Amino acid sequence: MDSSTVSVGEFEFQCGETIENLELAYETYGEFEGDNAVLVCHALTGSAHVASRGRFEEGDQAYAWWDDIVGPGKAIDTTEYFVICVNVPGSCYGTSGPASENPESGEPYGPDFPPVTVADWTEAQRRLLDELGVPALYAVVGGSVGGMNVLEWAKRHPDHVEKIVPIAAAGRLDPQCLALDGIARRAITTDENWQGGHYYGGDHPDQGLALAREIGHVMYFSKSSMERRFGRRAATREAERAFPTDPAGRFFPYRDVESYLDYNASKFVERFDANSYLYLTRAMDNYDLASGFESDADALAAFDGDALVMSFTGDWHFTSEQSEALADALRGSDTPVAHHVVDSDYGHDAFLVEPDSVGPPLADFLEVGLDGSAISDTEETVDDSSDFAPVHTSLFSR
Ligand SMILES: CC(=O)SCCNC(=O)CCNC(=O)[C@H](O)C(C)(C)COP(=O)(O)OP(=O)(O)OC[C@H]1O[C@@H](n2cnc3c(N)ncnc32)[C@H](O)[C@@H]1OP(=O)(O)O
Ligand SMILES: N[C@@H](CCO)C(=O)O
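Residues numbered from 1 in each chain as written. Chains lettered and ligands numbered in written order. Predicted model: local features only at pLDDT ≥ 70, side-chain atom pairs only at ≥ 80, totals over all residues. Heavy atoms only, no water.

### Quick look at the overall build of the protein
Looking only at helices and strands, the protein has 12 helices and 12 strands in total. Taken against the 2.2 N^0.38 rule, which gives 21 Å for 398 residues, the C-alpha radius of gyration of the protein at 21 Å falls within 12% of a compact globule. In the protein, buried positions account for 58% of the 398 residues. In the protein, the proportion of contacts linking residues at least 24 apart, taken out of those at least 6 apart, comes to 71%. Carbon and sulfur atoms provide 46% of the accessible area of the protein, an area that totals close to 16700 Å². (Helix = DSSP H or I, 4+ residues; strand = E, 2+ residues; numbered from the N terminus. Rg over C-alpha atoms; globule rule 2.2 N^0.38 Å. Buried < 20%, exposed > 50% of the residue type's maximum accessible area, 1.4 Å probe, protein only. Contact = heavy atoms within 4.5 Å. Areas by Shrake-Rupley, 256 points an atom, 1.4 Å probe, with all protein chains shown as cover.)

### As for the sheet that holds strand S9 (residues 137-143)
Strand pairing in a sheet relies on backbone hydrogen bonds, with the paired strands running either antiparallel or parallel. The eight strands lie next to each other as S1-S4-S8-S5-S9-S10-S11-S12, forming an open sheet whose pairing is mixed. Only two strands of the sheet have a single partner each, and these edge strands are strand S1 (2-7) and strand S12 (337-342). The average angle at which neighbouring strand axes cross in this sheet is 20°, direction not considered. Of the strands in this sheet, S9, strand S10 (161-167), strand S11 (306-312) and S12 are in contact with helix H11 (residues 355-368), which crosses S11 at around 175°. (Pairing = 2+ DSSP bridges. Axes fitted to C-alpha atoms, helices over the stretch in contact; angles between N-to-C directions.)

### Notes on the site of ligand 2
Around ligand 2 sit Ala-43, Leu-44, Thr-45, Ser-144, Arg-213, Tyr-220, His-348, Asp-349 and Leu-352, and that is every residue in its neighbourhood. Separating an oxygen atom of ligand 2 from a side-chain N or O atom of Arg-213 is a distance of 3.0 Å. Classifying every residue of the shell around ligand 2 gives four nonpolar, three polar and two charged. (Near = heavy atom within 4 Å. Polar contact = N/O pair within 3.5 Å; in protein donor to acceptor, adjacent residues only side chain to side chain. Nonpolar A, V, L, I, M, F, W, Y, C, P; charged D, E, K, R; others polar.)

### Some remarks on helix H6 (residues 256-271)
For H6, built from 16 residues, the straight-helix expectation of 22 Å at 1.5 Å per residue is met to within 8% by its first-to-last C-alpha distance of 23 Å. Counting buried positions along H6 gives 12 out of 16 residues, so the element sits mostly inside the fold. All of the buried residues along H6 are Asp-256, Val-257, Ser-259, Tyr-260, Leu-261, Asp-262, Asn-264, Ala-265, Ser-266, Phe-268, Val-269 and Arg-271. (Expected span 1.5 Å × (residues − 1).)

### A short note on the state of the cysteines
Scanning the entire structure with this criterion turns up zero disulfides. Cys-85 carries a free sulfur, and the closest cysteine sulfur to it, the one in Cys-41, is 7.6 Å from it. Cys-85 provides the cysteine sulfur closest to Cys-92, a residue in no disulfide bond, and the two sulfurs are 14 Å apart. (Disulfide = S-S within 2.5 Å.)

### A word on the side chain of Asn-36
Inspection of the secondary structure assignment puts Asn-36 in the loop between strand S4 (23-29) and strand S5 (37-41). Here Asn-36 falls in the buried class, since its relative accessible area comes to 4%. A polar contact of 2.8 Å, which involves the side chain of Asn-36, links it to the backbone nitrogen of Glu-33. At 3.1 Å, the side chain of Asn-36 forms a polar contact with the backbone oxygen of Glu-80. Ignoring anything within four residues of it in the chain, the contact list for Asn-36 reads Glu-31, Glu-80, Tyr-81, Phe-82 and Tyr-138.

It is worth stressing that arrangement in space is one thing and function is another; only the former is reported here.
Take a look at the structure:
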C-alpha cells in the first residue's frame, strides 16, 4: 500500500477560479499492470484511506472505511487490481480544501477556496492518474456522492473507463434531501463561531457542524432500522451532550436515538472541517448528470463500457427508484447494464456496513462482467405492477 500526497500544480476549477497548486492525498494498493486500475471514489466524509488505518486512531470513521470490500481476496481484490483512492478537492483529509494553507496568505483558505463540483473531483482524479502513469481505468466504483463521481467519469472520460459501478447513488439529489442539506449548512453558518468561515486558529463552529452531521446521519438510516436500533427508549448512556437542554426538558427522557446522534456527532467534529462540510454537500447537491445535455441518456451516450448499478431498498437518501432511472438511462444509451437491488432495511449507509450484500455482485462484475451469478437485474424481474424484486443476500455465498 502506498499512501502519499502529490502536488499537481495549477488547477482551474469548474467555477473558473484557479489555485496555484493542487495537493492530492491518495492511496494505492496492488501493482499496476497496464489494464487493472480500479478507482474507488469515497463518499461525502470519506478519505483516501479506503482500506488502511492511515494516520487515524482506532475508530475514526474515515479510516479503512471500506476494508471489508477492498483488500487481498476481497471483492475489489488488491492482488488482482491496482486500487486507487483519492481524497477529493474541498475535503479535509490531505487534499487541498478550505482548511489548507493558501500560499498567497500563509493562512487557511477558508471561504476563499474555490467552490468545488463533482466535475472538479473527476478532473483532479484524472490529473493524479496522469501523475501515476495510469492512462485508463478498468473500473470506477463509488457509493453515495462517490457514485455521482463514478457517473461523472463515464460522462467526462468515457474512453478512459471500461466498467462503472455507481452504488447507492443517483443522477441528482431529490428536493427533500436538498432541503435537509440546506438546513445542515445553515446550522454551520449560524454557529456563533463560524466567523464567515474564518474560524481557523480560534473556536470552531463545532455545534453547528455537529447539528449538520446529526441531520445527515438520520438520512443514512431507514425508519425501520432506527425503530429496531433505538425505538423510543430513554438513553442508557449519558453521551456527551453536545447541546444545551431547555429547563423544561428535564421533565422528559433523553432518548437513545438522541444519545447515538450526539455521540457520533461529537466524534465527527473531531475529524471533519465545517467549511469542507459546506463545500462537499454543495458539490453533491449541485450535481446533475444531465447538465449540458438533453438527458441522462445523452450524457452517458459516449460511454461504451459496462455498468453495474446497485441500490438498497431501505435507502431514502438515494432511492432504488432513482437507481432504476439511472439504469434506464444507461439502457437508453445502449450500455450493457444491470440494476442489482439489495433487500436491506439499514438505509443509505448499507453500502458501508453490508459487505455481504455489496461484495459478491461487485466481485463478479469485476471478474466476469454482467453474467456473474451474483448479479441480478431489475430488467429481468420488475413488471408493471410489482415493486422491485430485491435480491436476498442468502442467495450468495462466497
Ligand atoms: C464511503 C465513505 O466515504 S464513508 C466516510 C466515513 N463513513 C461515514 O461517515 C459513515 C457514517 N456512518 C458511520 O460512521 C457509522 O458509524 C457507520 C455507518 C460506519 C457504522 O454505524 P453503526 O452501524 O451505527 O455503527 P456502531 O453500531 O458501531 O455505532 C457507532 C458508534 O455509536 C455508538 N453508539 C451506538 N449506540 C449508541 C447510543 N444509543 N448512544 C451513544 N452511542 C451509541 C457505538 O458504541 C459506536 O461507538 P464507537 O464508534 O466509539 O465504537
Ligand atoms: N455516511 C457516508 C455516506 C454519506 O453519503 C459519509 O458520511 O460519507
